[in-house]
Amino acid sequence: MDSDLYREIIDGAHDTPAWVQHLAEIWTEAGLLLYGVLFVVAWWRRRRGEPGVFAVAVLAPLATAVAYVCSELLKSAVDEERPCRAVADVTAPLVDCPPHGDWSFPSNHATIAGAATVALALTWRGILWLTAPMALLMAFSRVFVGVHYPHDTVAGLALGALVAFTFVRLTTRPAARVAEAMRGRAGDAVPTAADPPS
């Protein structure tokens, strides 16, 4: 059933204008860069906030990296062949099919998108209007260009969201204590008007 849906999507992709195909190819990588920019913006917005809020902003990219590692470990355990290699009589993908051994389940791109969306939402809830559609588009684009089954991307989104949420919730308190201690030491190092000259 998933193979049939994959065929329908890839066939539809070939029927779209060339600029749509090109945009889908670019988006699968450009979306990752945009998440990186949003991590920096989130950190900048929270850098002078409460230690807990600041800690979540710092933890967001780390949580995404942890989700990516989990995705890679799951890929190695499942060993699912890419649909562009496994599905018979299917239209060629829009991009080069990854080599054998670069497994399909789950989608790393979708995992990163799901994790980044959730991690950013925990420190900057208002950004969901942008990041949630970004994640869905990134997941769909991986099927659209022909390198993943739909279930690969759905699983990736879910895995990324779950890992990021769990990681941030488990590490926020210790990270906040570290941030508070570092701020305290930085404040002690700044001389005040009452300090005698050295």
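Above this text is the structure in question.
Residues numbered from 1 in each chain as written. Predicted model: local features only at pLDDT ≥ 70, side-chain atom pairs only at ≥ 80, totals over all residues. Heavy atoms only, no water.

### Some remarks on the overall build of the protein chain
Our working rule: Put simply, DSSP H or I for four residues or longer makes a helix, DSSP E for two residues or longer makes a strand, and each gets a number counted from the N terminus. Buried, partly exposed and exposed residues are distinguished by accessible area as a fraction of the type maximum, computed with a 1.4 Å probe on protein chains only: under 20%, between the cut-offs, and over 50%, respectively. Contacts are assigned to residue pairs with any non-hydrogen atoms lying within 4.5 Å of each other. Computed with the Shrake-Rupley method and a 1.4 Å probe, the accessible areas treat only the protein chains shown as cover for residues.
Tallying secondary structure elements over the protein chain gives seven helices and zero strands in all. Each helix and strand of the protein chain, ordered N terminal to C terminal, gives the series α-α-α-α-α-α-α. Out of the 198 residues belonging to the protein chain, those deemed buried represent 40%. Taking the contacts inside the protein chain whose residues are at least 6 apart along the sequence as the reference set, 82% of them involve residues at least 24 apart. Accessible area of the protein chain: about 10,700 Å², with a carbon and sulfur share of 67%.

### A short note on the nonpolar core
Cut-off, in case you're wondering: Here, nonpolar core refers to any group of buried Ala, Val, Leu, Ile, Met, Phe, Trp, Tyr and Cys residues whose side-chain atoms link them within 4.5 Å.
In terms of nonpolar packing, the biggest core is built from 27 residues, with Tyr35, Ala113, Leu120 and Leu157 touching the most fellow members. The contacts of leucine 120, once residues within four sequence positions are left out, are Tyr35, Leu38, Phe39, Ala42, Ala60, Arg125, Ile127 and Thr131. By size, the runner-up hydrophobic cluster in this structure holds 13 residues, among which are Ile9, Ala13, Cys84 and Val143.

### Points about the state of the cysteines
Two cysteines whose sulfur atoms are joined by a covalent bond form what is called a disulfide. The condition that has to hold: The term disulfide is used for any two cysteine sulfur atoms that are within 2.5 Å.
Applying the stated criterion to the full structure yields one disulfide. Here cysteine 84 engages in a disulfide with cysteine 97; their sulfurs sit 2.1 Å apart. Measuring handedness by torsion sign, the sulfur bridge of cysteine 84 and cysteine 97 sits at about 75° and is right-handed. Taken together, the residues cysteine 84 in helix α4 (residues 83-86) and cysteine 97 in the loop between α4 and α5 (108-123) connect sequence positions 13 residues apart. By relative accessible area, cysteine 84 is classed as buried at 16%. Judged by its relative accessible area of 25%, cysteine 97 is partly exposed.

### Focus on the pattern of salt bridges
Worth spelling out the cut-off: A carboxyl oxygen of Asp or Glu within 4 Å of a side-chain nitrogen of Lys or Arg is what we treat as a salt bridge.
Enumeration over the complete set of coordinates arrives at three salt bridges. Note that glutamate 81 and arginine 85 form a salt bridge whose closest N and O atoms lie 3.6 Å from each other. The partner of aspartate 102 in a salt bridge is arginine 82, and the shortest N-O contact between them spans 2.9 Å. Of the two residues, aspartate 102 sits in the loop between α4 and α5 while arginine 82 sits in the loop between α3 (51-78) and α4, which places them 20 residues apart along the sequence.

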